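Working through the structure, step by step
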Amino acid sequence: MNKKRILVIGSANMDLAMNMYKLPERGETVMDDGGVAYVPGGKGANSAVALARLGAESILSAKLGRDLHGQKLYEYYKENGINTSFIKVDRENPTGLAVVMREGDGANRIVVYPGANSHLTQDNIEEAFSCLPDAVYLGFEIPFQIALSAAKMARSRGIPVFIDAAPASRDYPLENLPEVEVFSPNQAETLEYTGIMPQGADSSLRAALALYKRVRAKYIVIKQGERGCFVYDGKHYFLLPPFRAGNVVDTTAAGDSFTAALTAEYLRNGGDIKAAARYGNAAGAIAVTRKGAASSIPTDEEVRALLNSGGY
Ligand code: RIB
């Protein structure tokens, strides 16, 4: 079977990953107690790594700084089978940097300095469309106007668009997005977009309805971490429970893994959203059992092994 060619237009960061038993309070200093490391991250690049590991042809349109972090990331992408033809180097701005603070239970809080990611241009993305993708995958760690323009370009060419709607801002004019296939925020992002925290079926449905009114999406998919995911198509909804693949050590990039996995599987299986969401849940469940961002993302074989292991 021909691999689906998926163009990711998004961010690339080096993550400074720190570990602590609890986050510092205001004015408090906490010592790292689990090792510190610079590791490949960035929501766009993580998704591109995921798509490559999960059996798609992955093309990344992103911008790196002309620095050591940029060089290391570029090599990492090549080693991971990503098509790097549309990765640009910004001579004036550094590679994006994320400080990832991981607490003892694996939960994280992230601060991103976007650097070169903020300088991805219209010309850059127009050039990337020359790869003639089967689908376009977008996130919001690049300027919203660029993501919006990429969505419109894709739509005008009849290319399906998948959006991992992170990070969120209530100020984004989501109404301006063209029709997209999937729009997928997590719980915190849904709260930011709608003012509703999706926690059970009722609040998830209210939040999904609020999103559906603003975004012309075939499916709203709300990632709910340890609760699985909630899918709404404008008429029907379902809540898919999560998988468990082991102890949760680090949730970084679990959401990126989920949405990328859902996208890869959806394009492969002819649009079966339930099977794609189940595959996404399995990918996210494996990612949380491993430390790091891109490094935690599973392969297609690993995801299928979990799917075949007896369910939830
Ligand atoms: O989704 C996880 C990612 O968010 C991290 O890798 C970090 O770079 C931020 O972009």
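Heads up: these notes are all about the structure in this document.

Procedures and definitions
- Residues numbered from 1 in each chain as written.
- Predicted model: local features only at pLDDT ≥ 70, side-chain atom pairs only at ≥ 80, totals over all residues.
- Heavy atoms only, no water.
- Pairing = 2+ DSSP bridges.
- Helix = DSSP H or I, 4+ residues; strand = E, 2+ residues; numbered from the N terminus.
- Axes fitted to C-alpha atoms, helices over the stretch in contact; angles between N-to-C directions.
- Salt bridge = Lys/Arg side-chain N within 4 Å of Asp/Glu carboxyl O.
- Buried < 20%, exposed > 50% of the residue type's maximum accessible area, 1.4 Å probe, protein only.
- Contact = heavy atoms within 4.5 Å.
- Near = heavy atom within 4 Å.
- Polar contact = N/O pair within 3.5 Å; in protein donor to acceptor, adjacent residues only side chain to side chain.
- Areas by Shrake-Rupley, 256 points an atom, 1.4 Å probe, with all protein chains shown as cover.
- Nonpolar A, V, L, I, M, F, W, Y, C, P; charged D, E, K, R; others polar.
- Left-handed = near helix turned anticlockwise from the far one by under 90°.

1. Things to note about the pairing of strand E5 (residues 87–90)
Relative to E5, strand E4 (residues 57–65) runs parallel, the two being bridged by four bridges. Bridging from a neighbouring strand, glycine 65 pairs with aspartate 90 of E5.

2. Quick word on unusual backbone geometry
With an omega of -10 degrees, the peptide bond between alanine 166 and proline 167 qualifies as cis. Checked against the element boundaries, proline 167 lands in the loop between strand E9 (161–164) and strand E10 (180–184). Backbone geometry at leucine 132 places phi at a positive 55 degrees, although glycine is not the residue there. Although it is not a glycine, alanine 253 adopts a positive phi angle of roughly 70 degrees. Examined against the element boundaries, alanine 253 turns out to sit in the loop between strand E13 (237–240) and helix H7 (254–268).

3. Let's talk about the sheet that holds strand E1 (residues 5–9)
If you walk across this open sheet you meet the nine strands as E5-E4-E1-E8-E9-E10-E11-E12-E13, and the pairing is mixed. Either end of the sheet is taken by a strand with one partner, and the two such strands are E5 and E13. Ignoring strand direction, the axes of neighbouring strands in this sheet form an average angle of 15 degrees.

4. Quick notes on the pattern of salt bridges
Per the counting criterion, the structure on display carries 13 salt bridges. For glutamate 127, the salt bridge identified is with lysine 88, shortest N-O distance 3.1 Å. Here the residue glutamate 127 occupies a position in helix H3 (residues 122–128), and lysine 88 occupies one in strand E5, the gap between them amounting to 39 residues. Residue classification places glutamate 127 among the partly exposed positions, given a relative accessible area of 37%. For lysine 88, a relative accessible area of 22% corresponds to the partly exposed category. Between glutamate 179 and arginine 155 there is a salt bridge whose closest N-O contact spans 3.4 Å. Here glutamate 179 is found in the loop between E9 and E10, whereas its partner arginine 155 is found in helix H4 (residues 144–156), with 24 residues between them in sequence. Its relative accessible area of 42% is what places arginine 155 among the partly exposed residues. Among the ionic contacts, a cluster of salt bridges with common partners joins Glu265, Arg268, Asp300 and Arg304.

5. Observations regarding the sheet that holds strand E2 (residues 13–20)
Read from one edge to the other, the open sheet built from four strands follows the order E3-E2-E6-E7, with strand pairing classed as mixed. Every interior strand has two partners, whereas the edge strands, strand E3 (37–41) and strand E7 (108–113), have only one. Between one strand and the next, the sheet's axes are offset by a mean angle of 30 degrees, whatever the strand orientation. Relative to E3, E2 runs antiparallel, the two being bridged by five bridges. Opposite leucine 16, over in E3, you have tyrosine 38 as the bridge partner. In the packing of helix H2 (residues 68–79) onto the sheet, the strands contacted are E2, E3 and strand E6 (96–103), and the crossing angle to E3 comes to about 55 degrees.

6. A few points about the site of the ligand
Inspection of the region around the ligand gives 13 residues, with Asp15, Gly42, Lys43, Glu141 and Asp256 positioned closest. The contact in question runs from an oxygen atom of the ligand to an N or O atom on the side chain of glutamate 141, over 2.5 Å. Within the side chain of aspartate 256, an N or O atom sits 2.8 Å from an oxygen atom of the ligand. Protein chains bury 97% of the 280 Å² of accessible surface belonging to the ligand in isolation. Elements supplying a minimum of two residues to the shell around the ligand: E2 and helix H1 (43–53). Its residues assigned to classes, the shell around the ligand comprises four nonpolar, five polar and four charged.

7. Quick notes on the environment of serine 11
As for its placement among the helices and strands, serine 11 is situated in the loop between E1 and E2. Given a relative accessible area of 1%, serine 11 falls into the buried group. Sequence spacing of serine 11 and leucine 138 is 127 residues, and the spatial spacing of their C-alpha atoms is 9.3 Å. Those residues within four positions of serine 11 in sequence are excluded, and the remaining contacts are Gly42, Lys43, Gly44, Ala45, Asn117, Glu141 and Ile142. There is a polar contact of 3.2 Å between the side chain of serine 11 and the backbone nitrogen of lysine 43. Reaching out from serine 11, the side chain makes a polar contact with the backbone nitrogen of glycine 44 at a distance of 3.2 Å.

8. Concerning the packing of H7 against helix H8 (residues 273–287)
Where H7 meets H8, the closest approach of the two axes is 7 Å, and the angle between their N-to-C directions is 145 degrees. Our pair here, H7 against H8, has a crossing hand that is right-handed. Residues Ala254, Ser257, Phe258, Ala261, Leu262, Glu265, Tyr266 and Arg268 of H7 touch H8, and the partners they reach there are Ile273, Ala275, Ala276, Ala277, Tyr279, Gly280, Asn281, Ala283, Gly284 and Ala287. Across the contact of H7 with H8, the residue classes tally to 12 nonpolar, four polar and two charged.

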